[in-house]
Amino acid sequence: MASPRAAKAPLAGSTAPAAGAGGVPPAQAAGMPVVSSESLLGLKRRARRINRALAEKYPYAHAELDFRNPFELLVATVLSAQTTDVTVNQVTPLLFARYPDPRAMAEADPAAIEEIIKATGFFRAKTRSLVALCTRLVDEYNGVVPGRLEDLVTLPGVGRKTANVVLGNAFGVPGITVDTHFGRLARRFGWTQSEDPVQIEYDVAELFEKRDWTMLSHRVVFHGRRVCHSRRPACGACPVANWCPSYGLGETDSAKAAKLLKYELAPGNEALLAQLQAETHRAAEIRMESQKRIQ
Ligand code: SF4
């Protein structure tokens, strides 16, 4: 792992801010990156360096929702609003066993769907969305999920985030998926200043080759879930600390930071991490098996 730069050292080409209370520069204390005069070329280089470091750290990064076809991923992504992928993965096997395609789900008794997806929260609204979504798929797309962004975003309950998840992972069309983790990290990396998901998508798209968009999305979200948490980022155990203008926002002591890591990086999960690193092609399967063991 790269050794972190000093907490208050500015990045090359940036202007050092004055330290605030607790020795943390004011911008960092406010959660904002400190890079103020970086050229677009410098920003691109740094962004791509971060992507390479994340690729080395998470060679097993993948979509964490379980699916076998575009329909299942579309439904799982709709269900993932306001809940965890783990919870969604717990309910979808039964849901897809009962309703394997849009026609079956469009004709389902809503109360039966509600019962199955209850654990994901907002289950009444989600059921309404799923039935409306499947009805539209049957009526206008012959029961087949369309593979174009402009069609997907017209479906009930499907925004750009969901559409990009489906395009990137079920159709192989590059897409940047801006969820809460991606947005937070893009701001911490100084890739964007925006809070608006569509603007973030455009800002980040400028920094990377299109072919990298889908895997970049997975890696950034993986990093957000495991290391760069919303409240207590584990800066002292972060593989991109050298290139992150927000270094110092979280715990910088390496031993304390290591305790903040989650999932396969958490202390005690070395065997799972080793398995994921050794069998990257089976990462989704290994993750599912480990989740079943925890339940
Ligand atoms: S955990 Fe890493 S990516 Fe997040 S703020 Fe700290 S150094 Fe930056």
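The rules behind each value
Residues numbered from 1 in each chain as written. Predicted model: local features only at pLDDT ≥ 70, side-chain atom pairs only at ≥ 80, totals over all residues. Helix = DSSP H or I, 4+ residues; strand = E, 2+ residues; numbered from the N terminus. Contact = placed C-beta atoms within 7 Å. Expected span 1.5 Å × (residues − 1). Buried ≥ 20, exposed ≤ 12 C-beta atoms within 10 Å, placed from the backbone. Axes fitted to C-alpha atoms, helices over the stretch in contact; angles between N-to-C directions. Parallel < 35°, antiparallel > 145°, perpendicular 65-115°, else oblique. Left-handed = near helix turned anticlockwise from the far one by under 90°.

Caption draft 1: The environment of Val 220, seen in detail. Note that Val 220 resides in helix α12 (residues 213-226). Separated by 35 residues in the primary sequence, Val 220 and Leu 185 place their C-alpha atoms 7.1 Å from one another. Each residue touching Val 220, except ones within four places of it in the same chain, is listed here: Leu 54, His 181, Phe 182 and Leu 185.

Caption draft 2: Spotlight on α12. Between its first and last C-alpha, α12 extends 20 Å over 14 residues, near the 20 Å set by a 1.5 Å rise per residue. For α12, the buried fraction is high: 12 of the 14 residues fall into the buried class. Those residues of α12 not exposed but buried are Trp 213, Thr 214, Leu 216, Ser 217, His 218, Arg 219, Val 220, Val 221, Phe 222, His 223, Gly 224 and Arg 226.

Caption draft 3: Local environment of the environment of Tyr 202. Tracing the sequence through the fold places Tyr 202 in helix α11 (residues 197-205). For Tyr 202, a count of 14 C-beta atoms within 10 Å gives the class partly exposed. Between the alpha carbons of Tyr 202 and Ile 176 there is a distance of 8.9 Å; along the sequence they are 26 residues apart.

Caption draft 4: Structural detail: the packing of helix α3 (residues 70-79) against helix α7 (residues 123-141). Packing of α3 against α7 brings their axes to within 10 Å, and their N-to-C directions diverge by 155°. Taken together, the axes of α3 and α7 lie roughly antiparallel to each other. Judged by the twist between their axes, the crossing of α3 over α7 is right-handed. Seen from α3, the contacting residues are Val 75, Val 78 and Leu 79; seen from α7, they are Lys 126, Ser 129, Leu 130 and Leu 133.

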